[in-house]
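The residues making up each chain are set out below.
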Amino acid sequence: MSIERKIFEIKCLTQTICTNISNDLTDNEVKILYFTDEYKSVSPQLLISKLGIVKTNLALLTKKMISKGLITSEKSYVNQKSIFYEITSLGKQKLNEVLTQIANTIQSSNNETEKLFNETLNFLNKKI
């Protein structure tokens, strides 16, 4: 099987695992929560590149998430036109619920599997 087919299969299988989680969040909302938690203060440009969506869709999503109390929007001290998103305690709670459900679905992995995942993530992050 070629590398592109393997990547596509990994995408499909992981997406299936992640979307089979029952919660009140959309896939993109969970992704935004994840990246705002991972990077602490996230620019719209980073979210657009990580999620592969257009600016208008991101604006609609983040506005909805701000109204739900999942994230906040902060203006940059350096450039008042620049904004950054941060996760709230409610957002962290919702994200942790999703991650716990994923962990329960997959069960615990051994150290070698985790090492392979880390290497794959490092490789993919360098490509984006």
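This one's a predicted model, so the numbers in the text were calculated from it and none came from an experiment.

**Q** Describe the environment of threonine 72, and please don't skip the residues or the numbers.
**A** Tracing the backbone shows threonine 72 in strand β1 (residues 71–75). In the structure, threonine 72 is positioned 19 residues away from glycine 91 in sequence and 9.7 Å away in space, judged by C-alpha atoms. In this structure, threonine 72 is in contact with Ile66, Phe84, Tyr85, Glu86 and Thr88, ignoring residues within four places of it in sequence.

**Q** Residue-level account of unusual backbone geometry, with values.
**A** Even without being a glycine, lysine 40 presents a positive backbone phi close to 70°. Positionally, lysine 40 belongs in the loop between α2 (27–39) and α3 (44–51).

**Q** Quick one: what's the story with the pattern of salt bridges, residue by residue and with numbers?
**A** Pairing of side chains with opposite charge becomes possible as their charged atoms draw close. This model, assessed by the stated rule, comprises four salt bridges. For aspartate 24, the salt bridge goes to lysine 94, with nearest N and O atoms at 3.3 Å. Of this pair, aspartate 24 sits in the loop between α1 (3–19) and α2 while lysine 94 sits in helix α5 (residues 89–106), and the two are 70 residues apart along the sequence. Close ionic contact of aspartate 37 with lysine 92 constitutes a salt bridge, the shortest N to O distance being 3.1 Å. Linking aspartate 37 in helix α2 with lysine 92 in helix α5, this pair joins segments that are 55 residues apart in sequence. Through salt bridges with shared partners, one network takes in Glu29, Lys64 and Lys68.

**Q** Which residues make up the packing of aromatic side chains, and what values go with them?
**A** For the structure on display, the rule yields two aromatic pairs. Taking 5.2 Å as the distance between ring centres and 75° as the angle between the ring planes, the aromatic pair formed by tyrosine 34 and phenylalanine 35 counts as edge-to-face. The class of tyrosine 34 is partly exposed, set by a relative accessible area of 33%. For phenylalanine 35, a relative accessible area of 15% gives the class buried. With a centroid separation of 6.1 Å and an interplanar angle of 20°, the aromatic rings of phenylalanine 35 and tyrosine 39 are classed as stacked. Taken together, the positions of phenylalanine 35 and tyrosine 39, both in helix α2 and four residues apart, correspond to about one turn of that helix. With a relative accessible area of 35%, tyrosine 39 lands in the partly exposed category. Joined through ring pairs, the aromatic side chains of Tyr34, Phe35 and Tyr39 make up one cluster.

**Q** Can you tell me about a nonpolar patch on the surface, naming the residues and giving the values?
**A** A cluster of nonpolar side chains, Ile3, Ile7, Phe123 and Leu124, forms an exposed patch at the surface whose accessible area comes to about 380 Å². Those elements that place two or more of their residues in the nonpolar patch are α1 and α6 (111–127). As for its position among the elements, isoleucine 7 is in helix α1.

**Q** Could you give an account of the confidence of the model for the chain, naming the residues involved and the relevant values?
**A** Of all residues in the chain, 88% have pLDDT values of 70 or greater, and the mean over the chain is 83. Predicted confidence in the chain is weakest over α1, with a mean pLDDT of 75, and strongest over helix α4 (residues 55–68), with 94.

**Q** I'd like a rundown of the nonpolar core, residues and numbers included.
**A** Within the largest apolar cluster, 19 residues are counted, with the highest numbers of intra-cluster contacts made by Ile32, Leu33, Leu47, Leu51, Met65 and Ile71. Mapped by element, the contributors of at least two residues to this core are α2, α3, α4, β2 (83–87) and α5. Sort the elements by how many residues they give to this core and α2 lands first, with four residues. Those residues in contact with isoleucine 71 that lie beyond four places of it in its chain are Ile32, Leu33, Thr36, Thr62, Met65, Ile66, Tyr85, Glu86, Ile87 and Thr88.

Calculation criteria
- Residues numbered from 1 in each chain as written.
- Predicted model: local features only at pLDDT ≥ 70, side-chain atom pairs only at ≥ 80, totals over all residues.
- Heavy atoms only, no water.
- Helix = DSSP H or I, 4+ residues; strand = E, 2+ residues; numbered from the N terminus.
- Contact = heavy atoms within 4.5 Å.
- Salt bridge = Lys/Arg side-chain N within 4 Å of Asp/Glu carboxyl O.
- Phe/Tyr/Trp six-rings, centres within 6.5 Å; stacked < 30°, edge-to-face > 60°.
- Buried < 20%, exposed > 50% of the residue type's maximum accessible area, 1.4 Å probe, protein only.
- Patch = residues over 30% accessible without salt bridge, like charges linked within 9 Å, V, L, I, M, F, W, Y side chains within 5 Å.
- Areas by Shrake-Rupley, 256 points an atom, 1.4 Å probe, with all protein chains shown as cover.
- pLDDT = per-residue confidence, 0-100.
- Core = buried A, V, L, I, M, F, W, Y, C linked by side-chain atoms within 4.5 Å.

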